[in-house]
Amino acid sequence: MIGHLLLWLYLGCSLGQLNTTPCTSNDECQSVFGWARVCEEETGFCEQAEMEDRCTQTWPEDLWQNLDEYQDHILLGVDYELESYALEVASMRLAVQQVNNTGGLKGREFALIECENAGDASSDGLSQDAASDAIARWLADDVGVPAIIGPGTSGRTETAFEIAEPHGTMMISPSATSPALTALDGLVSTDSDPGLLWRTVAPDTLQAMVIAADMEAREIENIAIIYQNGAYGDGIQEGFCDEYAGDCLDGNLFKFTNSAQISDHVTDIANADFDEVLFVSSEEEDAVEFLLRAGNTAGMTNIGIFLTDAAAYEGVFAAAEEASHLFPRIRGTRPTIDETSSVYISFYESFELETGMQPTDAFAAHSFDAAWLVIYGAAWAIYQEGEVSGLGIARGLRQVSRDTEVNIRPSSWSTVKAHFQDGLSIDVIGASGALDYDTATGETTTPIEIWLVEEEEDGSWAFVQESVTNP
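This section reports on the structure supplied with the text. (Residues numbered from 1 in each chain as written. Predicted model: local features only at pLDDT ≥ 70, side-chain atom pairs only at ≥ 80, totals over all residues. Heavy atoms only, no water.)

**Section: the sheet that holds strand 14 (residues 404–407)**
Whenever strands of a sheet pair, they do so through backbone hydrogen bonds, lying parallel or antiparallel.
Thinking step 1. Spatial strand order, 14-15-16: 3 strands in an open sheet with mixed pairing. Lying at the two open borders of the sheet, with one neighbouring strand each, are strand 14 and strand 16 (433–434).
Thinking step 2. Judged from the 2 bridges that link them, strand 15 (residues 426–430) and strand 16 form a sheet pairing that is antiparallel. By the bridge assignment, G430 is partnered in strand 16 with G433. (Pairing = 2+ DSSP bridges. Helix = DSSP H or I, 4+ residues; strand = E, 2+ residues; numbered from the N terminus.)

Dropping the structure here:
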């Protein structure tokens, strides 16, 4: 901050001189005038960044209309499906509201700019993957946020991170579980090089182990695997085959890149002699396509179905209702949380009181924790490095898994600040559970549940927990 002030004084700048200050990069403009300032290529002067059409939702609501007024706020970005995952996004916002209501950080409040990456959410014609990448580029480069929460899937997280990392932007996903993400920012994490990619869920190596153990316990010997091409699908398929005692030969593996291939694979499997099919995709739409196709294929009548965490949403089963005769034969896995813990109950009650909704999706708690962890990291950066940066936030996350136990709730904020001001570590317990990050890999662990789908009295379908495995 001192360096920024000296540069400002040296240039004799004020916000009124934005359009007359020469520059060669966005970083130069943001170091003088604050976030959302860019170096206009045609003029060679600093200007206000143009609003991204997918990022019009902000907190506070008038953030973009009054950029000068909010320049002292610590701005965080969100790259997510805002409508489909409204509970997750509301959880992030709740964390920001709570820290602001508890005094903020050294007199500064936090703000959010929330960006919609759904493919059909804009007239720009971008696919969801391309939209997520464009958002990451805009947030990291044009706006200059120190951290981005999201994206929700592993494939989008991988490509968005590759775009954001060169700008020094830290990224944390509440739900990207691919093991391939572990190596993206280095296999070994240190204080000097903590890595800029984080998540509040464990990699899918744990989920794959649980799936393999469950199938072996049920003596499932002939398994077909339909899996999405990409980080998520490849990661679970490879992890499962590493653990599974049965065959994972070419004849058992059915990779797909589009919905037409899903349909073809279902037909091939129905005409073979498989006991169960493991379907793996990070996209809800793929799970719906698979279920609908399987429901209309006679040969699938006696074949078991195993799904993964990306399909564990009520919307999947509502959209695939025509295949409801298959639902009693479905099993699945997903990271789980202890809904009886005091931290989760506190989160649940605060969420319900603030939003009028219930945080029924498991990843809502992970999203709440992700936002608070960024806030904690910002505190470490402020107290130990004098300014908030992506690297400083990441260094702060290396201080949340040992020593004094701290629960994520507003009343603990003063404890966090006091410890970080003195350079002391804390051991964070979140709404999603203990956030025990490995100091070498930067990864955490989480319990994995096996879930079933059961019909309710009103005809709807609900998830039922059958068992939980703690790694």
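**Some thoughts on the pairing of strand 4 (residues 74–80)**
Thinking step 1. The buried fraction of strand 4 is high, at 7 of 7 residues.
Thinking step 2. Where burial is concerned, the two faces of strand 4 agree: the one with I74, L76, V78 and Y80 and the one with L75, G77 and D79 are both buried.
Thinking step 3. As a crossover connection, the stretch from strand 4 through helix 3 (residues 86–101) into strand 5 (residues 110–116) is right-handed.
Thinking step 4. In this structure, strand 4 lies alongside strand 6 (residues 147–149), joined through 2 bridges in parallel fashion. Directly across from V78, in strand 6, lies its bridge partner I149. (Buried < 20%, exposed > 50% of the residue type's maximum accessible area, 1.4 Å probe, protein only. Right-handed = clockwise from strand over helix to strand, strands pointing away.)

**A look at the state of the cysteines**
Thinking step 1. Here the structure, examined in full by the defined rule, presents 4 disulfides.
Thinking step 2. Put simply, C29 and C46 are joined by a disulfide, and their sulfur atoms are 2.1 Å apart. Around the S-S axis, the bridge from C29 to C46 shows a dihedral of about -90 degrees and counts as left-handed. Taken together, the positions of C29 in helix 2 (residues 26–33) and C46 in strand 2 (residues 46–48) put the pair 17 residues apart, joining distant regions of the chain. (Disulfide = S-S within 2.5 Å.)

**Here's the deal with unusual backbone geometry**
Thinking step 1. With an omega of 0 degrees, the peptide bond between W59 and P60 qualifies as cis.
Thinking step 2. Take P60: it is sitting in the loop between strand 3 (57–59) and strand 4.
Thinking step 3. Cis geometry marks the peptide bond from G150 to P151; its omega dihedral reads -10 degrees.
Thinking step 4. With respect to the helices and strands, the residue P151 is situated in the loop between strand 6 and helix 5 (154–164).
Thinking step 5. Positive phi, close to 50 degrees, is recorded for K106, a residue that is not glycine.
Thinking step 6. By the secondary structure assignment, K106 is in the loop between helix 3 and strand 5.

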